[in-house]
Amino acid sequence: MISHPIICAFRRSVRCWRRWAVLKATVETSDLSGFRCYSKPSRSGVTGMEEILSRVVAPLPTYETRDKHPPPPESNSVEFMHFYRSLDKEDKLSFLAKLSQDFGVDHRIVSELAVKLLDTQLRDLATILQVEDRLRYSLAPRYKQLLIHISRVEGGVKFLVDLRADVLEIISSKASESPHIRDLNSTLKSLLSEWFSVGLLRLERITWQSPCEILQKISQYEAVHPVRNWTDLKRRVGPYRRCYAFTHAAMPGEPLVLLHVALTEDISDNIQSIVREFASLDSEEDVNKINAAIFYSISSTQAGLQGVELGNYLIKRVVRELQSEFPHMVKFSSLSPIPGFSSWLQGLLSQCRKEGRGSDLLSEQEWREVEQATNLAPGAPAMDALRKLISTNEWVHSESLAHVLEPVLMRLCAWYLYGEKRRGYALNPVANFHLQNGATMWRLNWHADTSPRGVSNSCGIMVNYRYFLNETSTNSALYLQNKVIPASEQVLGFVSQFHKNSKL
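Residues numbered from 1 in each chain as written. Predicted model: local features only at pLDDT ≥ 70, side-chain atom pairs only at ≥ 80, totals over all residues. Heavy atoms only, no water.

Caption draft 1: Representation of the overall build of the protein chain. When you go through the protein chain residue by residue, the secondary structure sums to 21 helices and nine strands. By residue count, 45% of the 504 residues in the protein chain fall in the buried class. Sequence-distant contacts in the protein chain: of pairs separated by 6 or more residues, those separated by 24 or more amount to 78%. Accessible surface for the protein chain amounts to roughly 26,600 Å². Of this, 53% is attributable to carbon and sulfur atoms. (Helix = DSSP H or I, 4+ residues; strand = E, 2+ residues; numbered from the N terminus. Buried < 20%, exposed > 50% of the residue type's maximum accessible area, 1.4 Å probe, protein only. Contact = heavy atoms within 4.5 Å. Areas by Shrake-Rupley, 256 points an atom, 1.4 Å probe, with all protein chains shown as cover.)

Okay, here's the thing in structure tokens:
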């Protein structure tokens, strides 16, 4: 039961809201002497939006008739889809703003039911539950029914996935700060999370015999290590490799999330040995040489499914699939990139230079070694030289510089992954993903990705997140609830070196 003071306070707030609504309506309808409000002439496009929305967004049935109300004609959903696709980017924003604001929740009804719920707190439980159900029903925005009906027409689910991608872009680009747009995003995410629940997804293994259209999309969607050519793609779906995808019946031929796996003797410490081309494309697998599964690339293909849990379930399903194929396999690990490390490091170097705290980042001996390796003139600032080396990737061409920078970059990278946080969780998005899944931050690997992209993003460093299957549930709970990061002795050793050498 809700306490009496809270009920009184809520009633006062509702009365205040009602007075404000009445005053607003009075001002809008009054003919104020000496004051005239002018507005921009409405464009024909805006009029068209209003007309189509009024036609296709059906009124919310009353609570009593909600199960007896006939569904709108399918043509409404099709018309909405065709109209939206015909709009340019700017008009799509206006259309979504109008949809979310004018056809959302009826706040007047919600406030009345909220007051009624408070008034029934001393009544029997059945009455309270009925009022709660009415309130729950009234909280659904009017456009939600339209979205549900769209999902039932051919191509409707894919349309809504793409629609949410547009909404997310609007929010991220700050093209609109409207809370109604954010509410539309929440409604879409909730619906898509139901429709794309793991029980409704199908796990498919992609092979060289898969349809050409699917293979083309596998190449197109690969976001971590781009596919160079058809030979490269054939290698990634051939012997000692596996490629899996989640698909959905409502989006046939469209992989939702992809996972590339390398089958190796031991846990890989570099990506070159996995994605480079080999001559033995048609060789047979030797089961005795397969002891570990390395998840070296996972890519979500649909921007509109952001925040809908797919990747973690895909890894778990693939582990079960591989255990069935290789019962002796016990080693499961990622070989993950570290996006954002180089940019974070550049920001850290700039901050230390601005504050004159270069000695806090490297020891005096390390700064001397940098000066010697770069042949700096006496008095030249070593900090500027180091920033230039990292920003231009020039250091990778010098064996002496790489030797000097290895301990520095490895401990800084360990701290970036382990110590840099956002709201208590790992700042790095890839680390946060695997830690949520229950993996252990297991090993940092030097010269693990020597491609220009790998060096630019993370100074060539990669990390293994190890999945100890009997520990993943405990690790996941500790991370999500207590923000504890499970890490190996190697990683903790680098973190300890960071604390010892860097006074940050």
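Caption draft 2: Spotlight on the side chain of Ser333. Looking at the element boundaries, Ser333 is found in strand β5 (residues 331-334). By relative accessible area, Ser333 is classed as buried at 0%. Ignoring anything within four residues of it in the chain, the contact list for Ser333 reads Ile267, Ala293, Ile294, Phe295, Asn464, Tyr465, Arg466 and Tyr467.

Caption draft 3: Fine view of helix α16 (residues 382-392). Those residues of α16 that sit buried are Ala382, Met383, Ala385, Leu386, Leu389 and Ile390. The buried side chains of α16 occupy one side of the element, clustering within an arc of 160° when seen end-on. Once α16 finishes, Asn393 follows within two positions and takes phi at roughly 65°, a positive value. (Arc of directions from axis to C-beta.)

Caption draft 4: Quick peek at the pattern of salt bridges. In total, this model carries 19 salt bridges according to the counting rule given. A salt bridge links Lys331 to Asp266; the shortest N-O distance between them is 3.1 Å. Placement of the pair is Lys331 in strand β5 and Asp266 in the loop between β3 (257-264) and α12 (272-275), with a sequence separation of 65 residues. Residue classification places Lys331 among the partly exposed residues on the basis of a relative accessible area of 25%. (Salt bridge = Lys/Arg side-chain N within 4 Å of Asp/Glu carboxyl O.)

Caption draft 5: Quick look at the packing of helix α4 (residues 89-102) against helix α8 (residues 156-172). Orientation of α4 relative to α8, taken along the N-to-C sense of each, is 95°, at an axis distance of 11 Å. Between α4 and α8, the interaxial angle falls into the category roughly perpendicular. Here Lys89, Lys92, Leu93 and Leu96 of α4 lie close against α8, whose contacting residues are Leu163, Asp166, Val167, Glu169 and Ile170. In terms of residue class, the contact of α4 with α8 is built from five nonpolar, no polar and four charged. (Axes fitted to C-alpha atoms, helices over the stretch in contact; angles between N-to-C directions. Parallel < 35°, antiparallel > 145°, perpendicular 65-115°, else oblique. Nonpolar A, V, L, I, M, F, W, Y, C, P; charged D, E, K, R; others polar.)

Caption draft 6: Molecular detail of the pairing of strand β2 (residues 241-248). With eight of its eight residues buried, β2 lies for the most part within the structure. Alternating positions in β2 separate into two faces, Arg241, Cys243, Ala245 and Thr247 on one and Arg242, Tyr244, Phe246 and His248 on the other, with burial throughout. Bridge count for strand β1 (residues 201-205) against β2 is five bridges, and the pairing is antiparallel. Residue Leu203 lies in a different strand from β2, and its bridge partner there is Phe246. Taken together, the six bridges between β2 and β3 define a ladder with antiparallel strand orientation. Note that in β3 the partner of Arg241 across the bridge is Ala262. (Pairing = 2+ DSSP bridges.)

Caption draft 7: View of the nonpolar core. Core analysis: the largest hydrophobic core is formed by 110 residues, its most contacted members being Phe196, Phe295, Leu322, Phe341, Trp395, Leu417 and Leu444. Considering each element in turn, this core owes the most residues, 13 residues, to helix α17 (residues 399-418). What Leu417 contacts, discounting residues up to four positions off in sequence, is Ile338, Ala426, Asn428, Ala431, Met441, Leu444, Val463, Tyr465 and Ile485. (Core = buried A, V, L, I, M, F, W, Y, C linked by side-chain atoms within 4.5 Å.)

Caption draft 8: Fine view of the pairing of β5. Taken together, the four bridges between strand β4 (residues 292-300) and β5 define a ladder with parallel strand orientation. What sits directly across from Ile294, in β5, is Ser333. What joins β4 to β5 is helix α13 (residues 311-325), and the crossover it makes is right-handed. (Right-handed = clockwise from strand over helix to strand, strands pointing away.)

Caption draft 9: The arrangement of α17 in detail. Here α17 contains 20 residues, and its C-alpha end-to-end distance of 28 Å stays within 8% of the 28 Å for a straight helix at 1.5 Å per residue. The largest bend in α17 comes to about 40°, at Leu405, with the proline Pro407 one to four residues further on. Across the 20 residues that make up α17, a large majority, 14, are buried. (Expected span 1.5 Å × (residues − 1). Bend = angle between axes of the 7 residues up to and from the residue.)

Caption draft 10: The confidence of the model for the protein chain, seen in detail. Of all residues in the protein chain, 88% attain a pLDDT of 70 or more, and the chain-wide mean is 87. Here residues 18-44 is a poorly scored stretch, pLDDT under 50, and it has four contacts once near neighbours within four places are set aside; other chains count. (pLDDT = per-residue confidence, 0-100.)

Caption draft 11: Examining unusual backbone geometry more closely. Look at Tyr240: it is not a glycine, yet its phi comes out positive at around 65°. With respect to the helices, strands and loops of the structure, Tyr240 is situated in the loop between α11 (230-236) and β2. In this model, Asn393 sits at a positive phi of 65°, which is unusual for a non-glycine residue. When you line up the elements, Asn393 lands in the loop between α16 and α17. Look at Asn393 and you get buried, because its relative accessible area is 13%.

Caption draft 12: Spatial organisation of the environment of Ser334. Among the structural elements, Ser334 can be located in strand β5. For Ser334, a relative accessible area of 0% corresponds to the buried category. Remark: the alpha-carbon pair of Ser334 and Val463, spanning 129 residues in sequence, is separated by 7.8 Å.

Caption draft 13: View of the side chain of His225. One can find His225 in the loop between α10 (212-221) and α11. Residue classification places His225 among the buried residues on the basis of a relative accessible area of 8%. Apart from the residues within four sequence positions on either side, His225 is in contact with Arg236, Ile271, Val275, Tyr296, Ser297, Asp449 and Met462.

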